[in-house]
Amino acid sequence: MAVETIAPDWEFDRFDDGSQKIHTEVQLKNYSKFLEEYTSQLRGIEEALDDSIGDVWDFTLDPIALKLLPYEQSSLLDLIKTDNKVLNKVITVYAALCSEVKKLKYEAENKFYNGLLYYGEGVSETGVVEGESQIQMGRFISFLQELSCFVSRCYEVVVNIVHQLAALYNSNKGATKIIESSGVHFQIVYEHLGELLVVLLTLDEILENHGTLKDHWKMYKRLLKSVHHNPGKFSIPEEKLKPFEKLLLKLEGQLLDGMILQTCVEQRFDDPGDVAVAKSSVFAEEFAFNIRTIFTNVESKIGEPSEIDQRDKYAAVCCLFVLHFHIFRSVDKKFYKALLDVCKKVPAVTLTANIIWFPDTFLIAKVPAAAKLMDKKSLLAIRAQRDTYLQQRAQTLTKDVQSYYVFVTSWMMKMESILSKDHKNNKLADDLNSRCNVFVQGILYAYSISTIIKTTMNMYMSMQRPMTKTSVKALCRLVELLKAVEHTFHRRSMVVADSVSHITQHLQSQALNAIGTAKKRVISDKKYSEQRLDVLSSLVLAENALSGPGTKERRLVVSLALCVGTQLKTFKDEELLPLQLVLKKLDLISELRERVRIQCDCSFLYWHRAVFPIYLDDVYDNAVDAARIHYMFSALRDSVPSMLHAKHMESCDQLLESYDKEIMDVFNEHLLDKLCKEIEKDLRLSVHTHLKLDDRNPFKVGMKDLAHFFSLKPIRFFNRFIHIKAYVTHYLDKTFYNLTTVALHDWATYSEMRNLATQRYGLTMTEAHLPSQTLEQGLDVLEIMRNIHVFVSRYLYNLNNQIFIEKASNNKHLNTINIRHIANSIRTHGTGIMNTTVNFTYQFLRKKFYIFSQFMYDEHIKSRLIKDIRFFRETKDQSDQKYPFERAEKFNRGIRKLGITPDGQSYLDQFRQLISQIGNAMGYVRMIRSGGLHCCSSAIRFVPDLEDIVNFEELVKEEGLSEETQRAASVLDSVLGDLTSNSAEGTEYFKMLVAVFAPEFRSVKNMHLRNFYMIVPPLTVNFVEHSISCKEKLNKKNKSGAAFTDDGFAMGVAYILKLLDQYLEFDSLHWFQAVRDKYKKEMNAVLKEQNVQSAGQDEKLLQTMNLTQKRLDIYLQEFELLHFSLSSARIFFRADKTAAEETQEKKDKEEAVKAGGTSDGSIPSDSASK
């Protein structure tokens, strides 16, 4: 802060109370705060612009556009000011007319061409509703009316230009001369007149080639006829219909009959009161002279590398020639032939978008008088030239692409190198000249490439010839080159903008020097004449106009002034040519950005979008230079601004949407989806290489590196970005996630594929966070739980190994389920699933016990059992307290007599299966408990000491950590608590399942169940027979029904005996002892017999006895195995205690707890396997 200086005489009186210092500090603080905020704001902007900051401008992100085109603020009257009033008027009139032509041309190119071209587009072929065509035409009528007004205005301007020119070159002797016009040729005015006629020609051609528009027009007229017959129905007053019909007829006659240009040239140009045009021989000569001059300039350049707009000028010359013929009715045969000869070099000219114009057809049709004088052969030869041209094009396209590739890339390097250098003051002029030449060269390349693409594509389309794939690819490459030129100019916008203003000044100074020299020459000549005065005035006017910015109005004035200023040999020939060249360059450089935009505009691709799929296939096959796709999308985006002029839809957004959808569908089908599938396939095959799926030897099958697509920047299209990398990543994420949910055991494979995608392609994949399973997951607990009825009937239980084995399978192997599988499932779904499973088992057992009860209640069964019980009670003393084996066998056989199912099973077989299923369910519950313990113990193995687990929540609170951390700690505590309690004890599910059913089983109303213990012996006999037959099948070829274990039966019997509290009753039968005695007895008998027979040497009998002994062995072994299994199973249900004893024990326990002391450990611990 500046402190004011104090006068020395005040110094002694000064008093410092420190307030000023405080004030200063406050201000400084505020200022530093402002600076900090401002810096962060700037940083924010910088981050937002990110890549686009610096001198390189990204084409897709254009946060700030830079427009270089200067606009004229002064009017023409202000620009054209000299002391020569007459000259002022002449120049002003022509300048105004030329400006008007430019405005009309601009309006036509932007509004009318596009409106007409896009008519009928954006409507799907299939979904056209009846009446849609008429509605479209109804919307379009107002546009056609505007077009009609536009065409009328063009007619007026054409007539006015002709009149103004005729007035200057008046051959009437009596008329006063406006200015001396003998050496003055306003060539530029004729050029503008030609441009205006080309606009009318283009409108004709568009409407001529527009089938849809004509069809809809006919439908619309037909609709009007029906409205005419019944106007009341459509609520339209009849008096309005007549004028509307008249208007339609007028529109049709003026626009749709292909007579726009014809009507223009056939107008009456003679104005009786004012100017006689047709009779003026001087004007006719001047008109012809100017056409010839323009043509000479065009002919020398057309088809050459330095061609810029000669084709458009050639079209203008043809139109002027037709106009000259219609006004003056004279034909210069030699000139006509020269015009036609150009067609051999240039068989067709693209007027706009996809509208192509054949000059020979036009000239023959419009000037029939001259065509008659030509010989037919030469006319046919010109027509045949079109086919030859196309054939040559097809052959040379690839060569052209290669050469232009080299040209354009070297030009791009020049652009980069020139623009990166700073101006050197001593070589400033050379530097500016070289920059100017490089810019012009860029425009020339753009023009040549654009011409090749448009002419070739449009000629193929117009002549309906098929194009080879090679040609299509070559043309697409050219489109990329064209966009590359535009992108280069755009990227270097800053430097280009800087250079353009310097180059224009440099060129203006060169032009001013040349004009200054000529002016001195005129002044030094002392002879006075009006003509000399005109020349001097015009040179002064040119100097004045050049002294400002290079706007198009000023450049026009310069051109017009020099038309007058070059007479009387004011310039020497060696001065005039460089001046003209400088002015041409000035034109190009002043409109540099506009010219680049127009030349590189690829909106015509909309009409040739059929090439896009072929192009995408090519990009996909040659992934190395995938980045070129940006250029193609940029080219496809070019047609968007022109679509905004479509008038046949409610809003042009519908057209844009349909275009967007079409392009995106093709892009997805031909690139994105193919890429996704290929990447997924590659990852799968790489992960499964061990399977030797197919030959992946890169030397044989080739190798495509698709990773190039992932280094592409996002592609901008319409108002969004297409990020290939993100798209593929999302696709893979989605696929892997969905497939993992279907088969959770594949999680490891998909994780591997994810990692591979990251390593090989650099894709950042999302973790699925799905509950993972191990690779040997087996059947999922959830699946078993939902289908427990199917599971218990299809699987067999093995008690000792705690394993379930599938009964039969269509595969070559049988599935097994063991504790590890169950533990994996529990880890996947959480321990909560255990209780749910037991609950499901309970529901299942309820249904099964209902069937069990019905069987036991059946009269046949009940009566037999009661008979057997009575028999045993009566005879047990004689039979040594053992239940006779014969009775059990008899029971088994007796039941078979009651009936057999179609597959040969008796009722007892089915009852045995029922008990096995109940036992399987119990085995499953046991396995669930073991699996749960297994899972908990593997989860808690990371806890160092189960006896002493610290409380994390308390520790976190002591440290004073955040609330989230406290919550997390308490969650950890509860998880650890759950795990320790689960791993320590595990829930006694058997106890619960006994407790829930026992009261019902033991109740008085289920007395019929009490006979169960008596049916166990026949059941065991039945089971043993079944078991042996199953085991024998193992050695046979057809293994259906083979099995080696079925401990479900033993589990079922043990469980039901426990429920009925009948262990003691069953033990009282001494059944297994009886079986053992029976078989021992029989075996001894066989042994005795053998000893007897061995003396008799009867071989056959001995063999039979050996077999009998073997069979008896097997049966005894089976019964022993069953006895062991049943004994093991009984342990689970605490067979050592009867129901009464258990109740007593419970009471004792409760009393001991009440007494405050614990019992002395006399309570047997619950037996639980594993």
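You'll find the protein chain entered in an unreviewed UniProt entry as WASH complex subunit 4, with Solea senegalensis given as the organism.

(A) Quick peek at the overall build of the protein chain. Counting its regular elements, the protein chain contains 44 helices and 7 strands. The C-alpha atoms of the protein chain give 52 Å as radius of gyration, which overshoots the globular expectation for 1170 residues (32 Å, by more than 25%). For the C-alpha atoms alone, the extent of the protein chain along its principal axes is close to 170 × 115 × 75 Å. Out of the 1170 residues in the protein chain, the part that is buried amounts to 47%.

(B) Just the packing of helix α11 (residues 333-345) against helix α12 (residues 359-366), in detail. It is the contact of α11 with α12, at a shortest axis distance of 9 Å, that shows an interaxial angle of 155°. What the angle tells us is that α11 and α12 run roughly antiparallel. Here Y336, L339, L340 and C343 of α11 come into contact with α12, specifically with P359, D360, L363 and I364.

(C) A look at a positive patch on the surface. The grouping of K867, K890, R893 and K897 at the surface amounts to a positive patch. Of all the elements, helix α34 (residues 885-897) adds the most residues to the positive patch, at 3 residues. Residue placement: K897 occurs in helix α34.

(D) Region of the structure containing the pairing of strand β5 (residues 795-798). Of the two faces of β5, the one holding Y795 and Y797 and the one holding L796 and N798 are both buried throughout. Here β5 pairs with strand β6 (residues 803-806) via 4 bridges, running antiparallel. For L796, the partnering residue across the bridge sits in β6 and is I805. Between β5 and β6, which pair antiparallel one after the other, the connecting turn spans 4 residues, and Q802 there sits at a positive phi close to 45°.

(E) Representation of the nonpolar core. In terms of nonpolar packing, the biggest core is built from 233 residues, with F186, F667, F709 and I724 touching the most fellow members. The biggest single contributor to this core is helix α4 (residues 132-168), with 18 residues. Apart from the residues lying within four places of it in its own chain, the contact partners of F667 are F612, L616, I629, F633, L672, I715, I722 and I724. Ranked by size, the runner-up nonpolar core spans 91 residues in total, among them L865, F872, L993 and F1023.

(F) Quick look at the pattern of salt bridges. Enumeration according to the criterion identifies 53 salt bridges in this entry. Salt-bridge contacts for E575 lead to R521; the nearest nitrogen and oxygen are separated by 2.9 Å. Taken as a pair, E575 in helix α20 (residues 573-590) and R521 in helix α17 (residues 493-524) lie far apart in primary sequence, 54 residues in all. With its nearest N and O atoms 4.0 Å apart, the salt bridge here joins R754 to E767.

(G) Main features of the environment of D360. Tracing the backbone shows D360 in helix α12. According to the relative accessible area criterion, D360 is buried, its value standing at 3%. Along the sequence, D360 and A371 sit 11 residues apart, while their C-alpha atoms lie 9.9 Å from each other. Contact partners of D360, with chain neighbours within four places excluded, come to L340, C343, I382, R383 and R386.

(H) A look at a nonpolar patch on the surface. Judged by side-chain polarity, Y31, F34, L35, Y38, L42 and I45 come together as a nonpolar surface patch covering roughly 600 Å² of accessible area. Residue placement: Y31 occurs in helix α1 (residues 19-49). A relative accessible area of 49% places Y31 in the partly exposed class.

(I) Region of interest: the sheet that holds β5. Here 3 strands make up an open sheet; going across it, the order is β5-β6-β7 and the pairing antiparallel. Pairing within the sheet leaves two strands with one partner each, and these edge strands are β5 and β7 (816-818). Averaged over all pairs of adjacent strands, the angle between their axes in this sheet comes to 20°, without regard to strand direction. On the sheet, helix α35 (residues 907-940) packs against β5, β6 and β7 and is oriented at approximately 130° with respect to β6.

(J) Looking closely at the pairing of strand β1 (residues 349-352). Summarising the sheet, β1 and strand β2 (residues 355-357) pair through 3 bridges and their orientation is antiparallel. By the bridge assignment for β2, V349 is matched with W357. Linkage of β1 to β2, two consecutive antiparallel strands, is achieved through a turn of 2 residues, within which A353 is found at a positive phi near 45°.

(K) Structural view of the packing of helix α27 (residues 724-742) against helix α28 (residues 747-761). Running from N to C, α27 and α28 cross one another at 170°; their axes reach a closest spacing of 10 Å. It follows from the interaxial angle that α27 and α28 lie roughly antiparallel. Here α27 contributes D733, F736, L739 and T740 to the contact with α28, which in turn contributes W747, Y750, M753 and R754. Of the residues belonging to the contact of α27 with α28, the class tally is 5 nonpolar, 1 polar and 2 charged.

(L) Seen up close, the state of the cysteines. For the structure on display, the rule yields 0 disulfides. Here C318 is not cross-linked by a disulfide; its sulfur's nearest cysteine counterpart is in C319, at 6.9 Å.

(M) A look at the packing of aromatic side chains. All chains considered together, the criterion is met by 60 aromatic pairs. With 5.3 Å between their ring centres and 65° between their planes, Y190 and F287 make a pair best called edge-to-face. Remark: F287 occurs in helix α9 (residues 281-301) and Y190 occurs in helix α5 (residues 187-208); sequence separation between them is 97 residues. Using a relative accessible area of 0% as the deciding quantity, one classes Y190 as buried.

(N) Highlighting the confidence of the model for the protein chain. Looking at the protein chain, pLDDT values average 87 and 92% of them are 70 or higher. Across the protein chain, the secondary-structure element scoring lowest on mean pLDDT is helix α26 (residues 698-701), at 71, and the one scoring highest is α5, at 96. Below a pLDDT of 50 lies the segment residues 1158-1170, which in the model reaches 19 contacts outside its immediate sequence neighbourhood of four places, other chains included.

(O) Inspection of the environment of K279 at higher detail. Along the chain, K279 turns up in the loop between α8 (260-265) and α9. Sequence-wise, K279 and A429 are 150 residues apart; in three dimensions their C-alpha atoms are separated by 53 Å.

(P) Geometry of the side chain of E245. As for its position among the elements, E245 is in helix α7 (residues 238-256). Buried charged residue E245 carries no salt bridge. Nearest counter-charge: K242, at 4.6 Å. Each residue touching E245, except ones within four places of it in the same chain, is listed here: L224 and H228.

(Q) Geometry of unusual backbone geometry. A positive phi angle is found at A353, which is not glycine, with a value near 45°. Position of A353 among the secondary structure elements: in the loop between β1 and β2. Phi is positive for Q802, close to 45°, though the residue is something other than glycine. Residue placement: Q802 occurs in the loop between β5 and β6.

(R) Highlighting the environment of L533. Relative to the assigned elements, L533 resides in helix α18 (residues 530-546). In contact with L533, other than residues within four places in its own chain, are N84 and Y528.

Reading guide: rules and limits
- Residues numbered from 1 in each chain as written.
- Predicted model: local features only at pLDDT ≥ 70, side-chain atom pairs only at ≥ 80, totals over all residues.
- Heavy atoms only, no water.
- Helix = DSSP H or I, 4+ residues; strand = E, 2+ residues; numbered from the N terminus.
- Rg over C-alpha atoms; globule rule 2.2 N^0.38 Å.
- Buried < 20%, exposed > 50% of the residue type's maximum accessible area, 1.4 Å probe, protein only.
- Axes fitted to C-alpha atoms, helices over the stretch in contact; angles between N-to-C directions.
- Parallel < 35°, antiparallel > 145°, perpendicular 65-115°, else oblique.
- Contact = heavy atoms within 4.5 Å.
- Patch = residues over 30% accessible without salt bridge, like charges linked within 9 Å, V, L, I, M, F, W, Y side chains within 5 Å.
- Areas by Shrake-Rupley, 256 points an atom, 1.4 Å probe, with all protein chains shown as cover.
- Salt bridge = Lys/Arg side-chain N within 4 Å of Asp/Glu carboxyl O.
- Lys, Arg positive; Asp, Glu negative; His and termini not counted.
- Charge placed at Lys NZ, Arg CZ, Asp CG, Glu CD.
- Pairing = 2+ DSSP bridges.
- Core = buried A, V, L, I, M, F, W, Y, C linked by side-chain atoms within 4.5 Å.
- Nonpolar A, V, L, I, M, F, W, Y, C, P; charged D, E, K, R; others polar.
- Disulfide = S-S within 2.5 Å.
- Phe/Tyr/Trp six-rings, centres within 6.5 Å; stacked < 30°, edge-to-face > 60°.
- pLDDT = per-residue confidence, 0-100.

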